[in-house]
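An overview of the molecular structure
Here's the letter readout for the chains.
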Amino acid sequence: MKRYYITTPIYYVNSVPHIGTALTTLVADACARFQKRRGRAVYFLTGTDENAPKVHRVAQERGIPTQQFVDEMAEVFERTWRALHIEYDVFIRTTEERHKRVVTEVFRRLREQGDIYKGIYQGWYCISCETFFAPSKIGEAKTCPDCSKPLEWRDEQCYYFRLSAYESRLREHILANPHFIEPEVRRNETLGFLAEGLQDVAVSRSGAEWGVPVPDDPEAGVVYVWFDALLNYLTATGWLERGEAYLDTWPPDLQLMGKDILPRFHATIWPAMLMALNLPLPERLYGHGWWIVNKQKMSKSLGNVYAPLEVAQALADASGCALPYAIDAFRYYVLREMPTDSDAEFSLEGVETRYNGDLANDLGNMLHRTLSMMHRYFDGRVPAGARLDAGLADLFAQQVARTTEAYEAVDFPRGLREAWQIISAVNRYYDEQAPWTLARQGNTERAGQVLYAGLIAARTLSVLVEPVMPQVAREIARQLNLSEVPRWDEAVVADAFPAGHPLQEPVPIFPRLQAKPSAATPATPAAQPAATATPASPAGQPEATTTTEPKPTAMQDLITIEEFKRLQIRIATIKAAERVPKSTKLLKLTLDVGGEERVIVAGIAEEYTPEQLIGKQIPVLVNLQPALIRGVVSEGMMLAADVDGKAVLLHPDREVPSGSIVR
Ligand code: ME8
């Protein structure tokens, strides 16, 4: 069966991931998870665009060999995406040999069949947008029509791709397939772009030293980075090596990107290249709007470029929310506020407001108060005979259908609004029925019936939020004592909880924000986030959650063996060690924990040099919540003896396999 193939753009590695690139990748992850939940086999591709002149230029400015620079940056992207709970299937890098082979092969084929021909290029090039512009499109100032940066003049021999030959076929395809380009506004933009007439595009750059060499013509330099980059989507299917088998993935079902790179590149050059290769076109191209910050475009010079993990960490610090759930809360904000047709404002105040309102007050509170009352009045067990009212069952099913339809249309803001209607319905139902009063008056049967609606709603929400907040979904399921998040097509089951089903103790997932989030630093705008007023609990509802975590118990408290067993300590072998920039105390250690690689940050730089550590074996607590330390995601903690505040390393008595359990 063909897999549902989803792609993001591959990102230039001249800068680190930010909320813009995170947006597209998170939307793609949510779509991929949604399709998986619905039972489809999914193939989710993301990666990095490394052969660009601007990438080479930045590496040179920093005095780093370009290959080393792109290796390091690709790792930063992978780590950031993984830390954001993004579950891609393949991470492609355009410096990989398999990709270069595809670029070479396609260039040769199109040249042989006359779709690529040699000419002279005289015109302007924007290195920031990596785009050629005909002299007719350029004004007096010689600046880029897209980004306004100064252009470079090019006068060189080059190869052209015969884009103009595909203009009418492209127009026909767009007109005949209303869903090929979405949303509507992008489709119209593209048709407008085509109406201006398509010119052939330069697809090689002479004199350039970084990129895929033009095949069989060393004088011609390298292949134009966009021609190279677009082919990543084909490389990742194994098109060149797998014969017909690549059709288990090809063509893409959904290609996601920002509006900046849709009309000119993904909706024009890309399908024309595929037509020239006689390959089926993607089913759907979706171009979302941009994040803007303080009503302005994000840019390094304005200092308003947010780093996603720092936003999540600031939220965790300010609220006391565990980092995995704060990361999910960030994901929720991104998908709830995502710019679809037009642009949308990103702000830390907005993150806080959604967190306190939608997550702490609505979702968290519904789960918490329902479980609290189940424990208070029913000893934490589902009472016999309870079942969801038919009216509510219909309403829940209708909201699931609406959410499904919106997610399918990549409209997560609408999908989440529809899902939250279930929470509002339960809150209204509780207000009307007052189960706490029923229980105190001895009408436990009716109280149980009412609370059952809250349980079913929480179960349904675990399904609907999974694409957006996977860890939160799992935690909701755990508190409901379900072995896993239910399947999408079983999101509403009126009698899902049998009589006697034991429920876990409620644990607040989203403690309310009390403090101002500490500023999300390096990549943070000057503006500080505003403190958000804590919305009061709904009046007269004694069971509204107390969301603060219990204070840690006193030091002398003894722990049980069960508590000790929760600590997963393993022996790790140190594979690499380096200083964390601008820190005298911290080292970044890359560990082998039994076939799995982990990075941790350890405060031992004053006692040990990186060189002393390579190959050493140390005990590491591996199930510690990840923490962002000086821009590095630390995924565990090494254990060492503390001698007058100085760390002294511990080693096993003899060498043991990496990953050995300590107990
Ligand atoms: O264009 N708001 O890479 P890139 C929303 N390598 N999304 C944004 C954004 C913002 N303010 N800023 C960036 C490239 N994005 C090429 C792609 S694909 C074959 C080659 C997102 O690193 C959005 O998805 O400049 C945009 O399309 C992408 O980042 C551009 O990433």
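See the structure above.
None of these values were measured; they are calculated from a predicted model.

Describing the sheet that holds strand 7 (residues 181-182)
Strand order in the open sheet formed by six strands is 3-2-1-11-12-7, with parallel pairing between adjacent strands. One side of each edge strand has no neighbouring strand; the edge strands of this open sheet are strand 3 (90-93) and strand 7. Packed onto the sheet, helix 3 (residues 66-83) meets strand 1 (4-12), strand 2 (42-49) and strand 3 and runs at close to 160° relative to strand 3.

Focus on the site of the ligand
As a matter of local geometry, the ligand sits amid 25 residues, with Ile10, Thr24, Asp49, Asp260 and Trp291 nearest to it. Between a nitrogen atom of the ligand and a main-chain N or O atom of Ile10, the distance comes to 2.8 Å. Surface burial for the ligand is 90%, taken as the share of its 680 Å² of free accessible area covered by protein chains. Of the residues assigned to the shell around the ligand, the class counts are 14 nonpolar, nine polar and two charged.

Considerations on helix 3
Here helix 3 spans 26 Å end to end across 18 residues, near enough to the 26 Å set by a 1.5 Å rise per residue. The set of residues buried in helix 3 consists of Thr66, Phe69, Val70, Met73, Ala74, Phe77, Arg79, Thr80, Trp81 and Ala83. One or two residues past the end of helix 3 sits His85, with phi positive at roughly 65°.

So, the nonpolar core
Core analysis: the biggest nonpolar cluster contains 194 residues, and Phe161, Phe227, Phe346, Trp420 and Phe510 have the highest contact counts within it. It is helix 16 (residues 444-465) that provides the largest number of residues to this core, a total of 13 residues. Of all hydrophobic cores here, the second largest spans 19 residues; its members include Ala572, Ala577, Leu613 and Leu649.

Re the packing of aromatic side chains
For the coordinates displayed, the defined rule picks out 31 aromatic pairs. Here the aromatic rings of Tyr332 and Trp420 are separated by 5.1 Å at their centres, their planes lie at 35°, and the arrangement is tilted. With Tyr332 in helix 11 (residues 323-337) and Trp420 in helix 14 (residues 412-433), the pair connects residues that are 88 residues apart, well separated along the chain. A ring pair is formed by Tyr407 and Trp488, whose centres lie 5.9 Å apart and whose planes are at 50°; its orientation type is tilted.

What to know about the packing of helix 14 against helix 16
What describes two packed helices is the angle between their axes and the distance between those same axes. Closest axis-to-axis distance for the helix 14/helix 16 pair is 10 Å, and the angle between their directions is 170°. Judged by the angle between their axes, helix 14 and helix 16 are roughly antiparallel. Like other packed secondary-structure pairs, helix 14 and helix 16 cross with a definite hand, here left-handed. Here helix 14 contributes Ala419, Trp420, Ile422, Ile423, Val426, Tyr429, Tyr430 and Gln433 to the contact with helix 16, which in turn contributes Arg446, Gln449, Val450, Leu451, Ala453, Gly454, Ala457, Thr460, Leu461, Leu464 and Val465. Here the contact of helix 14 with helix 16 is built from residues that sort into 14 nonpolar, four polar and one charged.

Some words on the pattern of salt bridges
Under the definition given, this model contains 39 salt bridges. In this structure, Glu466 and Arg33 form a salt bridge, with 3.3 Å as the shortest nitrogen-oxygen distance. Of this pair, Glu466 sits in the loop between helix 16 and helix 17 (470-479) while Arg33 sits in helix 1 (residues 19-37), and the two are 433 residues apart along the sequence. Comparing Glu466 with Arg33 shows no difference in burial state: the two are buried. Taken together, the salt bridges that share partners define one network made up of Asp29, Arg33, Lys36, Arg37, Glu87, Arg331 and Glu466.

Side note on the side chain of Asn232
Along the polypeptide, Asn232 turns up in helix 8 (residues 232-235). Looking at Asn232, the relative accessible area reads 0%, which means it is buried. In contact with Asn232, not counting residues within four places along its chain, are Ile10, Leu45, Ile92 and His99.

Comments concerning the sheet that holds strand 14 (residues 296-297)
Read from one edge to the other, the open sheet built from three strands follows the order 14-13-15, with strand pairing classed as mixed. Edge strands, defined here as strands with exactly one partner in the open sheet, are strand 14 and strand 15 (344-345). Relative to strand 15, strand 13 (residues 291-293) is paired through two bridges, and the arrangement is parallel. By the bridge assignment, Trp291 is partnered in strand 15 with Ala344.

Some thoughts on unusual backbone geometry
Along the chain, Glu182 connects to Pro183 via a cis peptide bond; the corresponding omega equals -15°. Residue position: Pro183 is located in the loop between strand 7 and helix 6 (184-195). Cis geometry is found at the peptide bond from Trp250 to Pro251, where omega equals 0°. Of note, Pro251 is situated in the loop between helix 8 and strand 11 (254-258). Positioned with a positive phi, Asn278 is a non-glycine residue whose angle comes to about 65°. Among the structural elements, Asn278 can be located in the loop between helix 9 (262-276) and strand 12 (285-288). The exposure class of Asn278 is exposed, given its relative accessible area of 69%. The residue Ala434 is not glycine, and still its phi comes out positive at about 45°. Turning to its location among the elements, Ala434 is positioned in the loop between helix 14 and helix 15 (435-440).

Some words on helix 9
Most of helix 9 sits inside the fold, with 14 of its 15 residues counted as buried. Following helix 9 by one or two positions, Asn278 has its phi on the positive side, about 65°.

Regarding the packing of helix 10 (residues 308-319) against helix 12 (residues 348-378)
Interaxial distance between helix 10 and helix 12 falls to 11 Å at its minimum, and their mutual angle equals 50°. When the axis of helix 10 is compared with that of helix 12, the two are oblique. Seen from above, helix 10 lies across helix 12 with right-handed handedness. Taking contact as the criterion, the partners of Val311, Leu315 and Ser319 in helix 10 are, on helix 12, Leu348, Val351 and Tyr355. Each residue belonging to the contact of helix 10 with helix 12 can be placed in one class, and the counts come to five nonpolar, one polar and no charged.

Observations regarding the pairing of strand 1
When you tally the buried positions in strand 1, you get nine out of nine residues, the bulk of the element. Of the strand pairs in this sheet, strand 1 and strand 2 are connected by seven bridges, and their pairing is parallel. Across the sheet, the residue bridging to Ile10 is Gly47, located in strand 2. Once the chain exits strand 1 it traverses helix 1 before rejoining the sheet at strand 2, and the crossover so formed is right-handed. Inspection of the sheet shows strand 1 paired to strand 11 by two bridges, in the parallel sense. Among the inter-strand pairings, Thr7 is bridged to a residue of strand 11, identified as Gln255.

What to know about the environment of Arg98
Locating Arg98 in the fold gives a position in helix 4 (residues 97-112). By relative accessible area, which is 23% here, Arg98 ends up partly exposed. Taking the C-alpha atoms as reference, Arg98 lies 28 Å from Cys126; in sequence the two are 28 residues apart. Not counting chain neighbours up to four residues away, the residues in contact with Arg98 comprise Val90, Ile92, Thr235, Ala236 and Glu241. In this structure the side chain of Arg98 is engaged in a polar contact, spanning 2.7 Å, whose partner is the side chain of Glu96.

Conventions we followed
Along each chain, the written sequence defines residue order, and numbers are assigned to residues from 1. Local features are withheld for residues below a pLDDT of 70 in this predicted model, meaning they are given only at 70 or higher, and side-chain atom pairs are given and counted only at 80 or more; totals for whole chains, interfaces and linings count all residues. Hydrogens and water molecules were not included; the side-chain quantities draw on all heavy atoms of the structure. Should DSSP find at least two bridges between two strands, the strands are taken to pair. Only runs of H or I of at least four residues qualify as helices and only runs of E of at least two qualify as strands under DSSP, and these elements are numbered from the N terminus. Contacts are assigned to residue pairs with any non-hydrogen atoms lying within 4.5 Å of each other. Note on geometry: axes are lines fitted to C-alpha atoms, helical ones only across the stretch in contact, with angles between N-to-C directions running from 0 to 180 degrees. Throughout, the term near means that a residue has one or more heavy atoms lying within 4 Å of the molecule or strand in question. The term polar contact refers here to a pair of N or O atoms within 3.5 Å; inside protein, the definition further demands a hydrogen-donor-capable atom paired with an acceptor-capable atom, and it admits residues adjacent in sequence only when both atoms are side-chain atoms. Here, Shrake-Rupley sampling with a 1.4 Å probe gives the accessible areas, and only protein chains in the shown set may cover a residue. Gly counts as polar in this scheme, as do all residues outside two lists: the nonpolar Ala, Val, Leu, Ile, Met, Phe, Trp, Tyr, Cys and Pro, and the charged Asp, Glu, Lys and Arg. By this rule, a helix spans an expected 1.5 Å times one less than how many residues it contains. Classification of residues uses two cut-offs on accessible area relative to the type maximum, computed with a 1.4 Å probe and protein chains only: under 20% is buried, over 50% is exposed, and between them is partly exposed. Nonpolar core, defined: a set of buried Ala, Val, Leu, Ile, Met, Phe, Trp, Tyr and Cys residues in which side-chain atoms within 4.5 Å join the residues together. Pairing of aromatic rings covers Phe, Tyr and Trp, the last counted by its six-membered ring, and requires centre-to-centre distances within 6.5 Å; plane angles under 30 degrees mean stacked, over 60 mean edge-to-face, and any other angle means tilted. Here is the rule for angles: anything less than 35 degrees is roughly parallel, anything more than 145 is roughly antiparallel, 65 through 115 is roughly perpendicular, and the remaining ranges are oblique. Should the near helix be turned anticlockwise from the far one by less than a right angle, the crossing is termed left-handed; should it be turned clockwise, right-handed. Counted as salt bridges are all cases of a side-chain nitrogen of Lys or Arg within 4 Å of a carboxyl oxygen of Asp or Glu. Orient the strands so they point away from the viewer; a crossover is then right-handed if the path from the first strand over the helix to the second runs clockwise.

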